[in-house]
Protein chains: 2
Amino acid sequence: MAFKVGLLGFGTVGTGTAAILRDRDRRNPLLQDIEIGRVGVKSLDKPRAIALDPDLLTTDLESIVTDPDIDIVVELIGGLEPARSLILKAIAAGKHVVTANKAVIARYGDELYAAANKAGVYILLEASVGGGIPIIKPLKESLGANRISQITGIVNGTTNYILTQMTEEGADFDAVLTEAQQLGYAEADPTADVDGLDAADKIAILASLAFGGRIDREAIYCEGIRQVSAEDISYAEKLGFTIKLLAIAQKTENRDNTLQVRVHPTLLPNAHPLASINGVYNAVLVEGEPIGQVMFFGPGAGEGPTASAVVSDILAIAGILKSAGKNTALNPLLSCSHQDYSAIAPMEEVVTRFYARFLCGDRPGVIGHLGTCFGKHEVSLESVVQIGFQDKLAEIVVVTHDVQEKNFRQALEEVRSFSALDSISIASVLRVF
Amino acid sequence: MAFKVGLLGFGTVGTGTAAILRDRDRRNPLLQDIEIGRVGVKSLDKPRAIALDPDLLTTDLESIVTDPDIDIVVELIGGLEPARSLILKAIAAGKHVVTANKAVIARYGDELYAAANKAGVYILLEASVGGGIPIIKPLKESLGANRISQITGIVNGTTNYILTQMTEEGADFDAVLTEAQQLGYAEADPTADVDGLDAADKIAILASLAFGGRIDREAIYCEGIRQVSAEDISYAEKLGFTIKLLAIAQKTENRDNTLQVRVHPTLLPNAHPLASINGVYNAVLVEGEPIGQVMFFGPGAGEGPTASAVVSDILAIAGILKSAGKNTALNPLLSCSHQDYSAIAPMEEVVTRFYARFLCGDRPGVIGHLGTCFGKHEVSLESVVQIGFQDKLAEIVVVTHDVQEKNFRQALEEVRSFSALDSISIASVLRVF
């Protein structure tokens, strides 16, 4: 029995996927049953790293998703359209779908999974989060009996590379971004990565799987790393923290049906398992009952790792088709059974610690004034340190205890209004894990 | 549709498993379809942490594995017999099997999987390695397209706890073992853990899955941690290493069909991802192409984590039964398709670095003599350090470059014969990663 795969897109990940599928010398015997049926490309003339039979190539992607010979459509073109429409057409034509496209799933998951369930086909998406790291399948299947309380991930390799370089070289964001672009670790337009949008797509997917409800992508708080400065990284280090862009999804304490889902740069204690994840690597920490903590670590992107995840999804579908045939019900562990949206708490209600850096005219009583502003809004301080001077202004770094975001913001307003009189300016504000 | 589970054994893991299965408030809807049908125990009168309907309990374990109402037999009694016979009888009666028993799989996997394939049933074993960490399923499924080159694991929590305590407290093995026994982290008879036998069972299972061949358990080199001293841990630290009990399976370079499979205490460079895995935690590092490196980290034992893995296997079988019915072929991704034994290289052929500590009469030329002995057997040295004195003897620590184990052993023989004349004694020998 042979299963035919139609690839939509033949860039880096498509090339890696084809390389694995055409290699007949791998240990998994199921691979022998999988054939590349069609490959949809933008241009037929472009030179390719892998020489495919020219008859396989087409620029007509719609003809692939409706081709009666194709069993599994692998969507690797990325972005929202035409990816969404092609996936819907593939589903309507009874094809199973494998995708690496976090954006389309995070935004149209509701529509896509409803269509897939109706048609009795799978949409598998291991490659959409964490590149080659097995995380989707373990979360759905291996940890399926757990009550997950929190997922914390470093899920964007570009920003983790930039923050690691800034930490190791003491360099500024702009300089490291330029370097990352030259090395191919960052896109020419880095917005999706450095502003946290890619991480938000991924945590939307993980939260949906972990907590069993759809996630409104627009409700996710999303703050990128552009404003993280070399100074803040250096001060964080002195205080025993590493700055990482974290994607966090957790249950709200005492409000069981409300989630917090957010992406922001975070001061992470050096002893935290995620603090030592450097460079382009990704890691996802899952906490739940009765499992406790498990962490998955590996390459978050790249041709080979992402292709490994794509092919694992193709294998999963081929394994089912081979053992159970085509006309069976969907396996509830591999399909998507939830339909309701999870309530997401507004950011003002989130309780977290904060780090704030202030520049102050060096006059007596400044620290006292800061303390008064915070105290008025029930912000209790863990430490206040005058850490140095910048342009004759004293730099004061404050780390709070757990506080509601709303109260902290109000305290900052108080500092701001006060600062008009007394020359205190707020240089930076970051959250602390 | 309800699936009935028969539990063999109702100790810690059995109790944890029952606690999850009886909890009707978990997110996974498939859990609603699973019922505890029978529970096999040693004594009906023992007080239990979970009150089960007394009608479910029986001391007649054979009656469970042949009960026509039972769909899935969960073997949690451990050890070789009667576990092996009960599993075989369950298979013969057409039951799927879930087991946490590494010993029986490592030794009788051949017989058990042959029987299961013939009967068309699954034997799933997520809980047998790494407790709650998803590692078996990711290795079989998510990484199924990869050519694995090496698996390196900290897979025994007891020895990792002991080594961590020895490192943190500078304490000796015997003292920490006693403490670990009092805390319940080590058994009254600690042999299986501290002599590396449990780790060897586990690496046999992982190697079999990763390299697609059966593993002769008796061919695994196995060295425990009894001989690791507080001195060696301290000297290793000074040289930038942490001592861990590693279970290693790797392809032999230039001999593609031969594996090295071994368990021994190892000096691991502090920057290695496994060096920071402390206490009772486990972690498994998988290396392959095209994935690169992925690591799985979490609780390697314990009621809740192990039960999480057991229930995930029960869910996997229930998911298949629910979607595809009972009369389908085995899914090749979840069953065991290999039948041949992998060739395992003898330990003398293994190439590794070594650490050795010598006690020498403090006379001129001793280091020169050591160097001569090593040089004669092509052992090239990375460092030779006189690190201190003990009872008026100089302590010299040697770290070699990569060397064939055979050559290193011959060099040690040379030192031994030489030492009769010149009072050099070999205080310890450990491998270096």
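Residues numbered from 1 in each chain as written. Chains lettered and ligands numbered in written order. Predicted model: local features only at pLDDT ≥ 70, side-chain atom pairs only at ≥ 80, totals over all residues. Heavy atoms only, no water.

Draft legend 1. Structural context of the overall build of chain A. For chain A, the count of helices and strands is 13 helices and 18 strands. For chain A, the C-alpha radius of gyration of 24 Å lies close to 22 Å, the compact-globule estimate for 433 residues. Structurally, chain A occupies a C-alpha span of about 80 × 45 × 35 Å along its principal axes. With 433 residues in all, chain A has 61% of them scored as buried. If you take every contact in chain A between residues at least 6 apart in sequence, the share linking residues at least 24 apart comes to 74%. When the accessible surface of chain A is totalled, it reaches about 16200 Å², and 49% of it is carbon and sulfur. Taken as two groups, the 38 positive and 54 negative side-chain charges of chain A have centres that lie 4 Å from each other. (Helix = DSSP H or I, 4+ residues; strand = E, 2+ residues; numbered from the N terminus. Rg over C-alpha atoms; globule rule 2.2 N^0.38 Å. Buried < 20%, exposed > 50% of the residue type's maximum accessible area, 1.4 Å probe, protein only. Contact = heavy atoms within 4.5 Å. Areas by Shrake-Rupley, 256 points an atom, 1.4 Å probe, with all protein chains shown as cover. Lys, Arg positive; Asp, Glu negative; His and termini not counted. Charge placed at Lys NZ, Arg CZ, Asp CG, Glu CD.)

Draft legend 2. Representation of the relation of the copies chain A and chain B within the structure. Mapping chain A onto chain B leaves a residual RMSD of 0.0 Å; the transformation is a rotation of 180° accompanied by 0.0 Å of translation along its axis. In symmetry terms, the pair is related by a two-fold rotation axis. Residues of chain A ranked by C-alpha distance from the rotation axis are headed by Phe296(A), positioned 2.5 Å from it. When the interface residues of chain A are mapped onto chain B, 100% of them again fall at the interface, so both copies present the same face. (Least-squares fit on C-alpha atoms with pLDDT ≥ 70 in both.)

Draft legend 3. Fine view of the UniProt feature "active site" (unreviewed entry) in chain A. All names here are of chain A. Under the UniProt annotation, the feature "active site" (unreviewed entry) is placed at Lys202. Note on placement: Lys202 falls in helix 9 (residues 197-211). Exposure remark for Lys202: the relative accessible area of 6% places this residue in the buried category. Those residues in contact with Lys202 that lie beyond four places of it in its chain are Lys102, Ser128, Val129, Val155 and Asn156. A distance of 2.7 Å separates a polar atom in the side chain of Lys202 from a polar atom in the side chain of Asp198. (UniProt positions renumbered as here; feature names shortened; annotations may be inferred. Polar contact = N/O pair within 3.5 Å; in protein donor to acceptor, adjacent residues only side chain to side chain.)

Draft legend 4. A look at the domain arrangement of chain A. All names here are of chain A. For chain A, the domain assignment lists domain 1 (3-131 + 303-338), domain 2 (136-295) and domain 3 (347-432). If you look at the interface, domain 2 gives 19 residues, while domain 3 gives 17 residues. Summed over both partners, the interface of domain 2 with domain 3 buries about 1600 Å², with 61% contributed by carbon and sulfur atoms. The interface formed by domain 2 and domain 3 contains two salt bridges. With its nearest N and O atoms 2.7 Å apart, the salt bridge here joins Asp232 to Arg357. For the pair domain 2 and domain 3, the number of links is eight residue pairs in polar contact (both at pLDDT 80 or more). (Domains from an automatic or database assignment. Buried area = accessible area lost by both parts, 1.4 Å probe. Salt bridge = Lys/Arg side-chain N within 4 Å of Asp/Glu carboxyl O.)

Draft legend 5. Focus on the sheet that holds strand 4 (residues 72-75) of chain B. All names here are of chain B. Judged by pairing direction, the sheet is parallel, and its six strands sit side by side in the order 3-2-1-4-5-6 without closing on themselves. Two strands in the sheet have a free side with no partner beyond their single neighbour: strand 3 (57-58) and strand 6 (123-124). As defined by bridge partners, strand 5 (residues 96-99) adjoins strand 6 across two bridges and the pair is classed as parallel. Paired with Val97 across the two strands is Ile123, which belongs to strand 6. Strands strand 1 (3-8) and strand 2 (34-40) of the sheet are contacted by helix 1 (residues 12-22), whose axis makes an angle of about 155° with strand 2. Set on the sheet, helix 11 (residues 303-324) makes contact with strand 1, strand 2, strand 4, strand 5 and strand 6; between it and strand 5 the angle comes to about 160°. (Pairing = 2+ DSSP bridges. Axes fitted to C-alpha atoms, helices over the stretch in contact; angles between N-to-C directions.)

Draft legend 6. Representation of helix 10 (residues 230-238) of chain A within the structure. Buried residues of helix 10 of chain A: Ala230(A), Asp232(A), Ile233(A), Tyr235(A) and Ala236(A), and no others. Of the residues flanking the end of helix 10 of chain A, it is Gly240(A), one or two places downstream, whose phi is positive at about 90°.

Draft legend 7. Spotlight on the nonpolar core. Grouped together as the largest cluster of nonpolar side chains are 157 residues, with contacts concentrated most on Ile162(A), Val286(A), Ile162(B), Leu206(B) and Val286(B). The contact partners of Val286(B), leaving out residues within four places of it in the chain, are Ile135(B), Leu139(B), Leu143(B), Ile148(B), Gln150(B), Ile151(B), Gly292(B), Gln293(B), Val294(B) and Phe296(B). Of all hydrophobic cores here, the second largest spans 81 residues; its members include Leu31(A), Leu7(B), Ala18(B) and Leu334(B). (Core = buried A, V, L, I, M, F, W, Y, C linked by side-chain atoms within 4.5 Å.)

Draft legend 8. Structural detail: helix 7 (residues 173-183) of chain A. Residues and elements named next belong to chain A. Among the residues of helix 7, Phe173, Val176, Leu177 and Ala180 are the ones counted as buried. Taken end-on, helix 7 shows its buried residues confined to a sector of 105°, consistent with a single buried face. Along helix 7, the residues that are exposed and aim more than 90 degrees away from the buried face are Asp174 and Gln182. Where helix 7 is buried, its residues touch helix 6 (157-169) and helix 8 (191-194). Immediately downstream of helix 7, the backbone of Gly184 shows phi near 80°, a positive value. (Arc of directions from axis to C-beta.)

Draft legend 9. Layout of the UniProt feature "binding site: NADPH" (unreviewed entry) in chain A. UniProt marks Lys102(A) with the feature "binding site: NADPH" (unreviewed entry), using the numbering shown here. Here Lys102(A) lies in helix 4 (residues 102-119).

Draft legend 10. Examining unusual backbone geometry more closely. Residue and element names in this part refer to chain A. The amide bond that connects Glu289 to the next residue, Pro290, takes the cis arrangement and shows omega of 10°. In this structure, Pro290 sits in the loop between strand 11 (281-289) and strand 12 (292-299). Located in the positive-phi region is Glu378, a residue other than glycine, with phi close to 60°. In this structure, Glu378 sits in the loop between helix 12 (366-376) and strand 15 (381-390).

Draft legend 11. View of the interface of chain A and chain B. Taken residue by residue, the interface counts 57 residues in chain A and 57 residues in chain B. Summing the contributions of chain A and of chain B, the shared interface buries around 4500 Å²; its carbon and sulfur component is 56%. Our enumeration of links across chain A and chain B arrives at six salt bridges. For the pair chain A and chain B, the interface holds 16 residue pairs in polar contact (both at pLDDT 80 or more). For the side of chain A that touches chain B, the secondary structure elements donating two or more residues are helix 5 (136-142), strand 7 (147-154), helix 9, strand 11, strand 12 and helix 11 (303-324) of chain A. Here the side of chain A that touches chain B takes 12 residues from helix 11 of chain A, the largest share from any one element.

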